[in-house]
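Okay, here's what each chain looks like letter by letter:
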Amino acid sequence: QVKLVESGGGLVQPGGSLRLSCAASGSIFRFYDMGWYRQAPGEQRELVAGITGGMRNYADSVKGRFTISRDNGKNTVYLQMNSLRPEDTAVYYCNARRSDIDYWGQGTQVTVSS
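Let me sum up the structure you'll find in this document. Every value quoted in this text rests on a predicted model; they were computed, and no experiment measured them.

Points about the state of the cysteines
One covalent bond between the sulfur atoms of two cysteine residues makes up a disulfide. Across all of its chains, the model carries one disulfide by this definition. The residue that forms a disulfide with Cys 22 is Cys 94, at a sulfur-sulfur distance of 2.0 Å. Of note, the bridge from Cys 22 to Cys 94 carries an S-S torsion of about -85 degrees and is left-handed in sense. Taken as a pair, Cys 22 in strand E3 (residues 18-25) and Cys 94 in strand E9 (residues 90-98) lie far apart in primary sequence, 72 residues in all. A relative accessible area of 0% places Cys 22 in the buried class. For Cys 94, a relative accessible area of 0% translates into the label buried.

Now the structure itself:
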């Protein structure tokens with residue numbers, strides 16, 4: 001089992017940047033595939049970015065603006081978000097996956113607004 005805690009969300013103006021962090025504990029971090037999802041009010045939760053093995057993948061809506069990375073020594077995964085748009089406003093969730101079992105953090109709010 002793994003426990004996940006997100007941080008780094010907040011209010012930012014369009015065009016600004018935020019860096020989200022997800023700290024993992026309770027298991028061996030490097031055994032898990034990691035990802036970031038988001039959910040806006042009234043919308044389904046969607047994959048934003050993920051790391052599976054050495055591969056990184058991104059939703060088309062964030063490609064070129066967001067970067068996912070992980071530091072196994074710190075048991076932490078990051079999401080660097082640049083050129084933020086109002087459409088990026090959502091609760092962002094950290095996800096860990098192993099053997100088809102998903103673990104989720106509590107979420108962190110990101111609001112992009114003037």
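Describing the pattern of salt bridges
Overall, the coordinates contain five salt bridges when judged by the stated rule. Asp 60 is paired through a salt bridge with Lys 63; the nearest N and O atoms lie 3.5 Å apart. Here Arg 97 ties to Asp 102 by a salt bridge, and the two come within 2.6 Å at their closest N and O atoms. Arg 97 sits in the partly exposed class, given a relative accessible area of 34%. Three or more residues are tied together by salt bridges with common partners; here these are Arg 38, Glu 46, Arg 65 and Asp 88.

A few points about the nonpolar core
If you look at the biggest cluster of nonpolar residues, it comprises 28 residues, and the most contacted ones within it are Met 34, Trp 36, Leu 79, Met 81 and Tyr 92. Those elements that provide at least two residues to this core are E3, strand E4 (33-39), strand E5 (46-52), strand E7 (66-71), strand E8 (76-81), E9 and strand E11 (108-112). The contact partners of Met 34, leaving out residues within four places of it in the chain, are Leu 4, Cys 22, Phe 29, Gly 50, Ile 51, Ile 68, Arg 70, Val 77, Cys 94, Asn 95 and Ala 96.

Rules used throughout
- Residues numbered from 1 in each chain as written.
- Predicted model: local features only at pLDDT ≥ 70, side-chain atom pairs only at ≥ 80, totals over all residues.
- Heavy atoms only, no water.
- Disulfide = S-S within 2.5 Å.
- Helix = DSSP H or I, 4+ residues; strand = E, 2+ residues; numbered from the N terminus.
- Buried < 20%, exposed > 50% of the residue type's maximum accessible area, 1.4 Å probe, protein only.
- Salt bridge = Lys/Arg side-chain N within 4 Å of Asp/Glu carboxyl O.
- Core = buried A, V, L, I, M, F, W, Y, C linked by side-chain atoms within 4.5 Å.
- Contact = heavy atoms within 4.5 Å.

The values are spatial; any link to function lies outside them.
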